[in-house]
Amino acid sequence: TGSDLNKIIEFTQKNYAAPNSKMFGIAKNKNVIVIHLESFQQFLIDFKLNGQEVTPFLNSLYHGKETYSFSNFFNQVGQGKTSDAETMLETGTFGLSQGSLFSTLGTDNTFEAMPAILGQSLNYSSAVFHGNSASFWNRDKVYKNFGYQYFFDASYYNQDSNNLTEYGLKDKLLFHDSVKYLEKLQQPFYAKFITVSNHFPFTLDEQNKSFEAANTGDSSVDNYFVTAHYLDQAVKEFFDYLKASGLYENSVIVLYGDHYGISNSRNLKLASLLGKSSSTWSDYDNVQMQRVPFMIHIPGQENGGISDTYGGEIDVMPTLLHLLGIDSKKYLLFGSDLFSKDHNQTVAFRNENFITPNYTVVGSTIYENSTGNVVTHPSKKVKAEIKKAREHVTQSLSLSDSLNNKNLLRFYVPSDFTPVDPREFNYKNEVE
Ligand code: GP9
Ligand code: MN
């Protein structure tokens, strides 16, 4: 294991991208509020159905000068879905090739995760707000190992059946009923809100519907727009609560989509709404659909805008650390700062397919991004470029797997970091 760890250290140090001095520390000491947009895909941004914007509020954030937005940001989850997104965003390592790391390794592994790092280095408090039961995806165990001080799970909210959809509390209620807890957290805080209403099969009660469904013949595709619209309204309301509570000005709000809502097989139903034909729809198109939003909203900033840098969920942690003024170098992270000129733009998917700014690679098939066509006879130069990218992908995934599967962070304690003791935390709702 000593040599495994050395390989990991060597790889992550080589992959490290030094901060962009214009961006380093621009969010220092601000509260961080991460909003997990369940199953939310990038194609929804600016999308109009029957002439109506589906997500007008998120669109306004996306285009606003106070937001650093990304147009080529990809989800990289595997079978662990939401929990894989959480693993990448908060530990800087990948989910596993099979199953969910949260469920299989989350109880016993050592992590050097965002809440612990921010708590120890800048005295941040930390909390998760999620209206589902604490044990879903083994979160109650994992969050303790991540160093989360508080976990407001379903038991903290009114769970009257009218308040629930399939995966827990309706998003508008989650945001509304969480503010009273959020306001009491010691500032600065690191807080994560995990929404659920925009989850397959995208059902919502009549009372909450305020957008007309599509008409593709597949009810989950059709209703995806209805629940996405509801989520958009919920986020807008949350911003209003933050402004009213006075927290808004001192906070950075990070929004991201965790993974697709519409599966590859259902993309064929979606195709016509995107102005494409289902008969020419290919694996290339399926990969393009894996884009999800990533936005960093910093009230008062005027230099935001839309970046076309390629990246994914694995890159969020080093990016955020640098914005908060913490150099990510001493942590073993598999992504890199999206704002750095040294950022590697090869995006690995969990099945070893990948995308770069020029090519989309599915198995051994190479597609050219500018045309979507298969490159049947790649030049020497293209072959070399693909080979290099593929090596980066296989190495990242396999070294991340060996780090987690062998629990190697036990043997790697960064300077000034104290290993987390999960027994320090108790998430029971005593009020109940
Ligand atoms: C449930 C929610 C859904 O608590 O986070 O997880 P998913 O099914 O998307 O992995
Ligand atoms: Mn999810």
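This one's a predicted model, so the numbers in the text were calculated from it and none came from an experiment. (Residues numbered from 1 in each chain as written. Chains lettered and ligands numbered in written order. Predicted model: local features only at pLDDT ≥ 70, side-chain atom pairs only at ≥ 80, totals over all residues. Heavy atoms only, no water.)

**Q** Help me understand the overall build of the protein chain, please; the structure alone is not making it clear to me.
**A** Scanning the protein chain from N- to C-terminus turns up 12 helices and 16 strands. Seen through its C-alpha atoms, the protein chain measures out along the principal axes to roughly 65 × 55 × 40 Å. Looking at the protein chain as a whole, 60% of its 432 residues qualify as buried. A sequence separation of at least 24 residues applies to 76% of the contacts in the protein chain between residues at least 6 apart. Just so you have it, the protein chain exposes about 17600 Å², and 47% of that area is on carbon and sulfur atoms. Taking the average location of the 37 positive side-chain charges in the protein chain and that of its 47 negative ones, the two points are 6 Å from each other. (Helix = DSSP H or I, 4+ residues; strand = E, 2+ residues; numbered from the N terminus. Buried < 20%, exposed > 50% of the residue type's maximum accessible area, 1.4 Å probe, protein only. Contact = heavy atoms within 4.5 Å. Areas by Shrake-Rupley, 256 points an atom, 1.4 Å probe, with all protein chains shown as cover. Lys, Arg positive; Asp, Glu negative; His and termini not counted. Charge placed at Lys NZ, Arg CZ, Asp CG, Glu CD.)

**Q** I would appreciate a short explanation of the sheet that holds strand β10 (residues 251-257) in the present structure.
**A** Strand pairing in a sheet relies on backbone hydrogen bonds, with the paired strands running either antiparallel or parallel. What the 8 strands build is an open sheet, ordered β6-β5-β9-β1-β10-β11-β4-β12; its pairing is mixed. At either margin of the open sheet sits one strand with a lone partner, and together these are β6 (150-152) and β12 (305-312). Here the strands of the sheet are splayed against their neighbours by 15 degrees on average, with no regard to which way each runs. Sheet topology note: the strand β4 (residues 67-74)/β12 ladder contains 6 bridges and is parallel. (Pairing = 2+ DSSP bridges. Axes fitted to C-alpha atoms, helices over the stretch in contact; angles between N-to-C directions.)

**Q** What is the right way to read the sheet that holds strand β15 (residues 359-362) from this model?
**A** Sheet architecture is open: 4 strands sit in the order β13-β14-β15-β16, paired in antiparallel fashion. A strand with exactly one partner marks an edge of an open sheet, and here the two such strands are β13 (347-348) and β16 (365-368). Strand direction decides the pairing type here: β13 and strand β14 (residues 354-355), joined by 2 bridges, are antiparallel. Counterpart to Val347 in the pairing with β14 is Ile355. With respect to the sheet, helix α12 (residues 380-405) is in contact with β13, β14, β15 and β16, its orientation differing from that of β15 by roughly 60 degrees.

**Q** Sorry if this is basic, but what is going on with the coordination of the manganese ion (ligand 2) here?
**A** Octahedral metals with six donors have ideal donor angles of 90 or 180 degrees. Tetrahedral metals with four donors have an ideal donor angle of 109.5 degrees. Within the protein, the atoms that donate to the manganese ion (ligand 2) are Glu38 (OE), Glu38 (OE), Thr82 (OG1), Asp258 (OD) and His259 (NE2), at distances of 2.0 to 2.6 Å. Coordination at the manganese ion (ligand 2) is irregular, judged from the 6 donor atoms that bind it and the angles of 53 to 165 degrees they form at the metal. Along the chain, the residues donating to the manganese ion (ligand 2) fall in the pattern E-x43-T-x175-D-H. On the criterion of sequence distance, the pair formed by Thr82 in helix α3 (residues 81-91) and Asp258 in the loop between β10 and α9 (264-270) is long-range, its members being 176 residues apart. Overall, Thr82 belongs to the buried group, its relative accessible area being 7%. On the accessibility criterion, Asp258 (0% relative accessible area) is buried. (Donors = N, O, S within 2.8 Å, 3.2 Å for Na, K, Ca; no water. Tetrahedral: all angles 85-135°; square planar, octahedral: opposite > 155°, others 65-115°.)

**Q** What is the right way to read the side chain of Asp258 from this model?
**A** Although Asp258 lies buried, it forms no salt bridge, and the closest oppositely charged side chain, Arg139, sits 7.1 Å away as judged by the N-O distance. Engagement of the side chain of Asp258 in a polar contact is seen with the backbone nitrogen of Ser39, the distance being 2.7 Å. Setting aside residues no more than four positions away along its own chain, Asp258 makes contact with His36, Leu37, Glu38, Ser39, Phe40, Asn75, Val77, Thr82, Ala85 and Glu313. (Salt bridge = Lys/Arg side-chain N within 4 Å of Asp/Glu carboxyl O. Polar contact = N/O pair within 3.5 Å; in protein donor to acceptor, adjacent residues only side chain to side chain.)

**Q** Explanation requested: the UniProt feature "domain: Sulfatase N-terminal" (unreviewed entry) in the protein chain in the structure shown.
**A** The feature "domain: Sulfatase N-terminal" (unreviewed entry), as annotated in UniProt, sits at residues 30-326 in this numbering. Secondary structure within residues 30-326 divides into 34% helix and 19% strand; the distance between the first and last C-alpha atoms comes to 13 Å. (UniProt positions renumbered as here; feature names shortened; annotations may be inferred.)

**Q** Is there a simple way to think about the site of ligand 1 in this case?
**A** In the neighbourhood of ligand 1, the contacting residues comprise Glu38, Lys81, Thr82, His130, Asn132, Phe136, Trp137, Arg139, Tyr167, His199 and His259. Between ligand 1 and the protein, one listed contact pairs an oxygen atom with a side-chain N or O atom of Thr82 at 2.7 Å. Between His259 and ligand 1, the recorded distance is 3.1 Å, taken from a side-chain N or O atom to an oxygen atom. (Near = heavy atom within 4 Å.)

**Q** For this particular structure, what's the right way to read the packing of aromatic side chains?
**A** Enumeration over the complete set of coordinates arrives at 36 aromatic pairs. Both rings, one in Phe74 and one in Tyr310, keep their centres 5.9 Å apart while their planes meet at 25 degrees; by these two values the pair is stacked. Placement of Phe74 in strand β4 and of Tyr310 in strand β12 is noted, with a sequence separation of 236 residues between them. Tyr310 matches Phe74 in its accessibility class, with the two residues each being buried. Taken together, Phe129, Tyr150, Phe152, Tyr156, Tyr157, Phe175, Tyr181, Phe193 and Phe238 form an aromatic cluster joined through their ring pairs. For the cation-ring pair, Lys81 lies above Tyr260, with the distance from its terminal atom to the ring centre recorded as 4.8 Å. Seen from the ring of Tyr427, Lys144 lies directly overhead, with NZ or CZ sitting 5.3 Å from the centre. (Phe/Tyr/Trp six-rings, centres within 6.5 Å; stacked < 30°, edge-to-face > 60°. Lys NZ or Arg CZ within 6 Å of the ring centre and 35° of its normal.)

**Q** In this structure, what is going on with the environment of Gln98? I would like to understand it.
**A** Locating Gln98 in the fold gives a position in the loop between α3 and α4 (101-104). Taking C-alpha positions, Gln98 is 7.2 Å from Gly78, a pair spaced 20 residues apart along the chain.

**Q** Mind showing me how you'd approach helix α5 (residues 114-122) here?
**A** An α-helical turn contains 3.6 residues, so a residue and the one three or four places further along point in the same direction. Within the sequence span of α5, burial applies to Met114, Pro115, Ala116, Ile117, Leu118 and Leu122. Looking at the buried side of α5, the elements it contacts are α3, β5 (125-130), α6 (139-146), β9 (189-194) and α11 (316-323). Remark: Asn123 follows α5 within two positions and exhibits a positive phi of approximately 60 degrees.

**Q** When you look at the packing of helix α1 (residues 2-15) against α12 in this model, what are you seeing that I'm missing?
**A** Axes are the key here: two packed helices are described by the angle between their axes and the distance separating the axes. One can describe the packing of α1 onto α12 by two numbers: an axis separation of 10 Å at closest approach and a directional angle of 135 degrees. For the element pair α1 / α12, the angle class is oblique. In the crossing of α1 with α12, the sense of the turn from one axis to the other is left-handed. On the side of α1, the interface is formed by Asp4, Leu5, Lys7, Ile8, Phe11 and Asn15, while α12 contributes His392, Gln395, Ser396, Leu399, Ser402 and Leu403. For the contact of α1 with α12, the class distribution of residues is 5 nonpolar, 5 polar and 2 charged. (Parallel < 35°, antiparallel > 145°, perpendicular 65-115°, else oblique. Left-handed = near helix turned anticlockwise from the far one by under 90°. Nonpolar A, V, L, I, M, F, W, Y, C, P; charged D, E, K, R; others polar.)

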